[in-house]
Number of protein chains: 2
Amino acid sequence: MESSATLPLSQLPFVYPATPRSNKAYPFWPCKRRSSQPTRLHCNKMYVPGFGEASPEAKAAKNLHNFFTYVAVKIVAAQLESYNPEAYEELIEFLGRHSLNDGDKFCAAMFRESSRHKNLALRIMEVRSAYCKNDFEWDNLKRLALKMVTESNTRLMTEYVLETSHVESEK
Amino acid sequence: MESSATLPLSQLPFVYPATPRSNKAYPFWPCKRRSSQPTRLHCNKMYVPGFGEASPEAKAAKNLHNFFTYVAVKIVAAQLESYNPEAYEELIEFLGRHSLNDGDKFCAAMFRESSRHKNLALRIMEVRSAYCKNDFEWDNLKRLALKMVTESNTRLMTEYVLETSHVESEK
């Protein structure tokens, strides 16, 4: 399902009666404001509201940041389990008491728990930095996400068509 | 805080006594198994457990996929608000009754609500595809995430040091 971000609305399959408030043939889509280009109001990008001063990319980066902390905890736990069971137990015990939803809050709390936990937190921070810089496959992430949206859209439409034809054939 | 993913554990600041279960100087870190390279067990990447058949990249792509649906709903709502208030109201009303946590479930439910909602779902699916292919700034996402991990690590350590020196100076 290929589509262009600048496709005029009139070309989209849509049954709602268009009731434009002006005589313009196409609605006005301001681009996302960039701090580096504050005066460039017209571009080919769709307007994304609701992110305030941030951007969708910043929001996604924040989520990835928390995800990298989660991955780092998994990596460190796997390392400790095999060569330092005592430290592993302490990490698991701490995980039971603290949420990993906010990675930075988790590390800050671990820093202040004890001197042993502080060093554990330092290792987790070091691993998340190394992981996102060296190990995480950014190109693969993009490839998988693009594949996912195409396949999901096709699947959703196919399922609906099959469901509807099934109902039709039963009539 | 630069670090290498292959940094030997002995170089990390860590107070736990190392009690390796074998005589190997470094723990064995199997690489993530790739379907294309199933027999290559040794690589420079850290072992990430707990993702089963999937990979951290696939997990992150799934999260981004749901995020793109959320962004597409925001984009479509902003478009409708200005030129079709009736459709906008229907979208907002549907949003009040259905969670956007799972983007595909949301679209599937919208598909089956009514013929008008079906066309709304088609537009959301078309917009999320166009958004992730054309508008989303993948390079910016990577840049922001790398910046975030470095800055967060520095900030967490600075805050801890300041806090500790404050306590020390009060003694």
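Just so it is clear, the structure is predicted and the values come from calculations on it, not from any experiment. (Residues numbered from 1 in each chain as written. Chains lettered and ligands numbered in written order. Predicted model: local features only at pLDDT ≥ 70, side-chain atom pairs only at ≥ 80, totals over all residues. Heavy atoms only, no water.)

Residue and element names in this part refer to chain A. Throughout the structure, instances matching the rule amount to 18 aromatic pairs over all chains. Seen from their ring centres, phenylalanine 94 and phenylalanine 106 are 5.4 Å apart, and the 75 degrees between their planes marks the pair as edge-to-face. Placement of the pair is phenylalanine 94 in helix 2 (residues 85-97) and phenylalanine 106 in helix 3 (residues 103-111), with a sequence separation of 12 residues. The pair phenylalanine 94 / phenylalanine 106 is uniform in exposure class, with both members buried. Taken together through their ring pairs, the aromatic side chains of Phe67, Phe68, Tyr70, Tyr131, Phe136 and Trp138 make up a single cluster. (Phe/Tyr/Trp six-rings, centres within 6.5 Å; stacked < 30°, edge-to-face > 60°. Helix = DSSP H or I, 4+ residues; strand = E, 2+ residues; numbered from the N terminus. Buried < 20%, exposed > 50% of the residue type's maximum accessible area, 1.4 Å probe, protein only.)

Across all of its chains, the model carries 18 salt bridges over all chains by this definition. Taking the shortest distance from any N to any O, the salt bridge between aspartate 104 of chain B and arginine 155 of chain A comes out at 3.1 Å. With one member in each of two chains, aspartate 104 of chain B in helix 3 (residues 103-111) and arginine 155 of chain A in helix 5 (residues 138-170) form a pair that bridges those chains. Residue glutamate 159 of chain B pairs with arginine 155 of chain B through a salt bridge whose shortest N-O separation is 3.4 Å. One end of the pair is glutamate 159 of chain B and the other is arginine 155 of chain B, both in helix 5 (residues 138-170) and four residues apart, which spans about a single turn. Given a relative accessible area of 35%, glutamate 159 of chain B falls into the partly exposed group. According to the relative accessible area criterion, arginine 155 of chain B is partly exposed, its value standing at 36%. Salt bridges linked by common partners bring Asp104 and Arg128 of chain A together with Arg155 and Glu159 of chain B together as one network. (Salt bridge = Lys/Arg side-chain N within 4 Å of Asp/Glu carboxyl O.)

Residues and elements named next belong to chain A. The geometry of helix 2 relative to helix 3 is characterised by a closest axis approach of 12 Å and an angle of 125 degrees between their N-to-C directions. Considering their axes alone, helix 2 and helix 3 lie oblique with respect to each other. Between helix 2 and helix 3 lies a crossing of right-handed hand. Where helix 2 approaches helix 3, its residues Leu91, Phe94 and Leu95 are matched on the opposing element by Phe106, Ala109 and Met110. Grouping the amino acids of the contact of helix 2 with helix 3 by side-chain chemistry returns six nonpolar, no polar and no charged. (Axes fitted to C-alpha atoms, helices over the stretch in contact; angles between N-to-C directions. Parallel < 35°, antiparallel > 145°, perpendicular 65-115°, else oblique. Left-handed = near helix turned anticlockwise from the far one by under 90°. Contact = heavy atoms within 4.5 Å. Nonpolar A, V, L, I, M, F, W, Y, C, P; charged D, E, K, R; others polar.)

Glancing now at helix 4 (residues 115-135) of chain B. All names here are of chain B. Helix length check: helix 4 (21 residues) gives 29 Å between terminal C-alpha atoms against 30 Å at 1.5 Å per residue, within 8%. When you tally the buried positions in helix 4, you get 16 out of 21 residues, the bulk of the element. The backbone nitrogen of arginine 116 has a side-chain oxygen 3.3 Å away, supplied by the residue at the start of helix 4, namely serine 114. (Expected span 1.5 Å × (residues − 1). Polar contact = N/O pair within 3.5 Å; in protein donor to acceptor, adjacent residues only side chain to side chain.)

The subject of this paragraph is the nonpolar core. Ranked by size, the top nonpolar core spans 86 residues in total, and within it Leu141 of chain A together with Leu141 of chain B carry the most contacts. Excluding residues that lie within four positions of it along the chain, leucine 141 of chain A makes contacts with Leu64 and Phe136 of chain A together with Glu57, Ala60, Ala61, Leu64, Trp138 and Leu141 of chain B. (Core = buried A, V, L, I, M, F, W, Y, C linked by side-chain atoms within 4.5 Å.)

Turning to helix 2 (residues 85-97) of chain B, a few remarks are in order. All names here are of chain B. With 13 residues, helix 2 extends 19 Å from end C-alpha to end C-alpha; this agrees with the ideal 18 Å at 1.5 Å per step. Every buried residue of helix 2 is listed here: Ala87, Tyr88, Glu90, Leu91 and Phe94. Around the axis of helix 2, the buried residues are gathered within 160 degrees of arc, so they sit on the same side. In helix 2, the exposed positions angled more than 90 degrees off the buried face are occupied by Glu89 and Gly96. Buried-residue contacts for helix 2 involve helix 1 (56-83), helix 3 and helix 4. (Arc of directions from axis to C-beta.)

Do not read the predicted coordinates in detail wherever pLDDT is low. Residues and elements named next belong to chain A. Taken as a whole, chain A shows an average pLDDT of 79; of its residues, 74% reach a score of 70 or greater. Across chain A, element-level confidence peaks in helix 3 with a mean pLDDT of 96 and bottoms out in helix 5 with 91. Here residues 1-40 is a poorly scored stretch, pLDDT under 50, and it has 85 contacts once near neighbours within four places are set aside; other chains count. Both scores are available for the predicted complex, with the pTM at 0.74 and the ipTM at 0.74. (pLDDT = per-residue confidence, 0-100.)

Right, let's get into the packing of helix 1 (residues 56-83) of chain A against helix 4 (residues 115-135) of chain A. A packed helix pair is summarised by two numbers, namely the angle formed by the two axes and the spacing between the axes. Residues and elements named next belong to chain A. Two elements in contact, helix 1 and helix 4, have axes separated by 8 Å at closest approach and are oriented at 120 degrees. By the angle between their axes, helix 1 is oblique relative to helix 4. For the pair helix 1 and helix 4, the crossing hand works out as right-handed. Note on element contacts: helix 4 touches helix 1 through Leu120, Arg123, Ile124, Val127, Arg128, Tyr131 and Cys132, opposite His65, Phe68, Thr69, Val71, Ala72, Val73, Ile75, Val76, Gln79, Leu80 and Tyr83.

Moving on: the side chain of arginine 128 of chain A. Relative to the elements of secondary structure, arginine 128 of chain A occurs in helix 4. For arginine 128 of chain A, a relative accessible area of 0% translates into the label buried. At 2.8 Å, the side chain of arginine 128 of chain A and the side chain of asparagine 153 of chain B are in polar contact. Each residue touching arginine 128 of chain A, except ones within four places of it in the same chain, is listed here: His65, Phe68, Thr69, Ala72, Gly103, Asp104 and Cys107 of chain A together with Val149, Ser152, Asn153 and Leu156 of chain B.

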